[in-house]
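Each chain, letter by letter, is given below.
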Amino acid sequence: MRTKILVTGGAGYIGSHAVVELQQAGYQPVIVDNFSNSEESALAGIESILGAKVPTYRIDCADAEALRGVFRAEPDVAGVIHFAAYKAVGESVQKPLAYFQNNVGSLLALLAVMPEFGVESLAFSSSCTVYGIPDALPVTEATPTKPASSPYGRTKQMCEDIVHDVAAAPGNRVHTILLRYFNPIGAHESAKIGELPLGVPNNLVPFITQTAAGLREKLTIFGNDYDTPDGTNIRDYIHVVDLAKAHVTAVRRLLERKASDVVETFNVGTGHGNTVLEVVQTFERVSGQKLNYDIGPRRAGDVPAIYADATKAEQVLGFKTETSLADSLASSWKWQQTLKQM
Ligand code: NAD
Ligand code: WQD
C-alpha cells in the first residue's frame, strides 16, 4: 500500500507543489485545508498535473475534533506535513491574535491528535524569519535566533519552541523536522499551480510579475542605501518545486526513522544571495519585459541581507536545489501569464 501523508495547507502555494512532488515520489497525499488563503482551483491544477484527484478535507486544522475525523477516515496516514498557517507579516501586526490562534493553535491541535492515531512523523514549515537580522552570513542552523520583528515571526519561533518542549516530554513518540524556508518563488513548470496572492502582493516576485503584466503601475524597490554591493537587500530565492522536494526527503527520513534526533532543523535555501536589483534585472532578461520601477524608502522591519548555509540539508538530507534564479523567475512569469487568461 502507498504511504499516506497528510498535508495541511495542501491547497496553498507551497503545499500544492508538495502534494504533486509527494505523489510523484510514490506517496499518497491527503489534503487538509480551510481555503482561508487558497482557491479550489488549486485542486483542479493538482488534479490536472497528476491525472487523479487528491482526497481533500475542508476543515480548520486548529479544530482538534475535526482533525480526529480526518485521521479516523484515513487510518493509513503515516506522517504529516504542516503548512497550514497565516503568513502575511504586515497583517500579523494588525491582527496578532488571529495569527497566534491560527498558527500556534493548528500546531497544538496536530500535536495533540497525531499520537492518538499512532502518527509519529511531522515536517513543519518554519522560516528564515526566526534568524532576524543575523550577525554573520550565511546563516547556519546553529546561528542564534533573534527576537521576532512581527507577530508572524513570533508564531514560527513559538511553534519551534513548542515542538522542542513536546519532544522532550516523557513518552513522546512524535519525531519532527523543522524546515526553515528562505524565499520561495516560481511555479510548477506546467503553470497549472502557482502562487495566488490575494490583493496587492507584499512579496517581491509576484509584485514584479504583476507589474510586468500591467496589473500594477510600478515596482518600488524598498531602499538602495544598504551595505550591500548595489545597496539593495539580499535574499536567498528558492524555487518552490525545489522546496517541495525538500519535504519529500524530510518525510522519507522521518518514516525510515533515520533522524538522528527527535527534532531536527534544516535550512532550505539555495545557499546563494541575490540583491533586489539582480532579481529585477534577471527578470527583465528572461521575460523580455522592461520593468517600470523606482527606488523608494526602506521598508520597516526589512532584514538588510540573509541567505542560507545549505550544507546541512545537502549532507544529511541529500537535498540540493536544482533551479537557477533565471529559471525560477521564468516560471513565475509563465504562471503570471497563465493567470491573466484564467
Ligand atoms: P499559503 O497561504 O499559500 O498556504 C497556506 C494554506 O494553509 C492555505 O491554503 C490556507 O487556506 C491554509 N490554511 C491556513 N490556515 C489554516 C487552518 N487553520 N486550517 C486549514 N487550512 C489552513 O502559504 P504558503 O506560502 O504556501 O506557506 C506555507 C507555509 O510555509 C506557512 O506555514 C508559511 O508560514 C510558511 N512559509 C512561507 C514562506 C513564503 O514566503 N511563502 C516562507 C517561509 C515559511
Ligand atoms: C524580498 C525583498 C524587500 C516588495 C517575507 C517574510 C518572511 C518570509 C518570506 C515567511 C526585500 C524587497 C519587496 C516590493 C521590494 N515569509 N521588496 N519591493 O521580506 O524577505 O520575507 O517573505 O516566513 O518571513 O518577511 O520577502 O518578498 O517581501 O521581499 O523592494 O514591492 O524584496 O525589501 O528586500 P522578505 P519579500
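Everything that follows concerns the structure shown earlier in this document.
Here we summarise the structure given alongside this text. (Residues numbered from 1 in each chain as written. Chains lettered and ligands numbered in written order. Predicted model: local features only at pLDDT ≥ 70, side-chain atom pairs only at ≥ 80, totals over all residues. Heavy atoms only, no water.)

The next subject is the packing of helix H3 (residues 64-73) against helix H5 (residues 96-113). Packing of H3 against H5 leaves a shortest axis separation of 9 Å and a crossing angle of 45°. It follows that H3 is oblique to H5 by the angle criterion. Here H3 and H5 pass one another in a crossing that is right-handed. Residues Ala64, Leu67, Arg68 and Phe71 of H3 touch H5, and the partners they reach there are Ala109, Leu110 and Val113. (Axes fitted to C-alpha atoms, helices over the stretch in contact; angles between N-to-C directions. Helix = DSSP H or I, 4+ residues; strand = E, 2+ residues; numbered from the N terminus. Parallel < 35°, antiparallel > 145°, perpendicular 65-115°, else oblique. Left-handed = near helix turned anticlockwise from the far one by under 90°. Contact = heavy atoms within 4.5 Å.)

Taken N-terminus to C-terminus, the directions of helix H1 (residues 13-24) and helix H2 (residues 41-50) make an angle of 25°; their axes are 10 Å apart at the nearest point. Classified by the angle their axes make, H1 and H2 are roughly parallel. Like other packed secondary-structure pairs, H1 and H2 cross with a definite hand, here right-handed. In this structure, H1 uses Ser16, Val19, Val20, Gln23 and Gln24 to contact H2, whose residues at the interface are Ile46, Ile49 and Leu50.

Our focus in this paragraph is the site of ligand 1. In the vicinity of ligand 1 there are 27 residues, among which Asp33, Asn37, Ser38, Asn102 and Tyr152 approach most closely. Separating a nitrogen atom of ligand 1 from a backbone N or O atom of Asn34 is a distance of 3.1 Å. Within the side chain of Asn102, one N or O atom sits 2.7 Å away from a nitrogen atom of ligand 1. When ligand 1 is considered free in solution it has 820 Å² of accessible area, and contact with the protein chains removes 96% of it. Of all the secondary structure elements, the ones that give two or more residues to the shell around ligand 1 are H1, strand E5 (121-127) and helix H6 (151-168). It is E5 that contributes the most residues to the shell around ligand 1, 3 residues altogether. The residue makeup of the shell around ligand 1, split by class, is 13 nonpolar, 10 polar and 4 charged. (Near = heavy atom within 4 Å. Polar contact = N/O pair within 3.5 Å; in protein donor to acceptor, adjacent residues only side chain to side chain. Areas by Shrake-Rupley, 256 points an atom, 1.4 Å probe, with all protein chains shown as cover. Nonpolar A, V, L, I, M, F, W, Y, C, P; charged D, E, K, R; others polar.)

With respect to the secondary-structure elements, Arg285 resides in helix H9 (residues 276-287). Given a relative accessible area of 60%, Arg285 falls into the exposed group. For the pair Arg285 and Gly45, spaced 240 residues apart in sequence, the C-alpha separation works out to 28 Å. (Buried < 20%, exposed > 50% of the residue type's maximum accessible area, 1.4 Å probe, protein only.)

Here we come to the sheet that holds strand E11 (residues 263-268). Within the open sheet, the 7 strands sit side by side as E3-E2-E1-E4-E5-E6-E11. Their pairing is parallel. Unpaired on one side and paired on the other, strand E3 (56-57) and E11 mark the two borders of the sheet. In this sheet, E11 lies alongside strand E6 (residues 175-181) in parallel orientation, the contact comprising 6 bridges. What sits directly across from Tyr181, in E11, is Val268. Those strands touched by helix H8 (residues 240-255) are strand E1 (4-8), strand E4 (77-82), E5, E6 and E11, and its axis lies near 165° from that of E6. (Pairing = 2+ DSSP bridges.)

Right, let's get into the site of ligand 2. Around ligand 2 sit 18 residues in total, of which Ser127, Tyr152, Asn233, Arg235 and Asp302 are the nearest. Between ligand 2 and Asn233 there is a distance of 2.7 Å, counted from an oxygen atom to a side-chain nitrogen or oxygen. Measuring from an oxygen atom of ligand 2, one finds a side-chain N or O atom of Arg235 at 2.4 Å. Here ligand 2 has 680 Å² of accessible area as a free molecule, and 87% of this is covered by the chains. In terms of residue count, strand E8 (residues 219-222) provides more of the shell around ligand 2 than any other element does, 4 residues in total.

Pairs may arise between side chains of opposite charge once their charged atoms sit close together. Inspection of the entire model under this criterion finds 20 salt bridges. A salt bridge links Arg68 to Glu65, with the shortest nitrogen-to-oxygen separation between them at 2.9 Å. Here Glu65 and Arg68 lie together in helix H3, a separation of 3 residues that amounts to about one turn. Between Glu322 and Lys245 there is a salt bridge; the shortest N-O distance is 3.3 Å. (Salt bridge = Lys/Arg side-chain N within 4 Å of Asp/Glu carboxyl O.)

Here we take up unusual backbone geometry. Residues Leu137 and Pro138 are joined by a peptide bond in cis, for which omega reads -5°. With respect to the secondary-structure elements, Pro138 resides in the loop between E5 and H6. Although it is not a glycine, Phe35 sits at a positive phi angle of roughly 55°. As for its placement among the helices and strands, Phe35 is situated in the loop between strand E2 (28-32) and H2. Judged by its relative accessible area of 12%, Phe35 is buried. Backbone geometry places Ala191, a non-glycine residue, at a positive phi of 60°. Its location among the elements puts Ala191 in the loop between strand E7 (183-185) and helix H7 (204-212).

Moving on, we come to the packing of aromatic side chains. A full pass over the atoms with the stated rule returns 4 aromatic pairs. Positioned over the ring face of Phe266 is Lys312, at 4.8 Å from the centre of the ring. (Phe/Tyr/Trp six-rings, centres within 6.5 Å; stacked < 30°, edge-to-face > 60°. Lys NZ or Arg CZ within 6 Å of the ring centre and 35° of its normal.)

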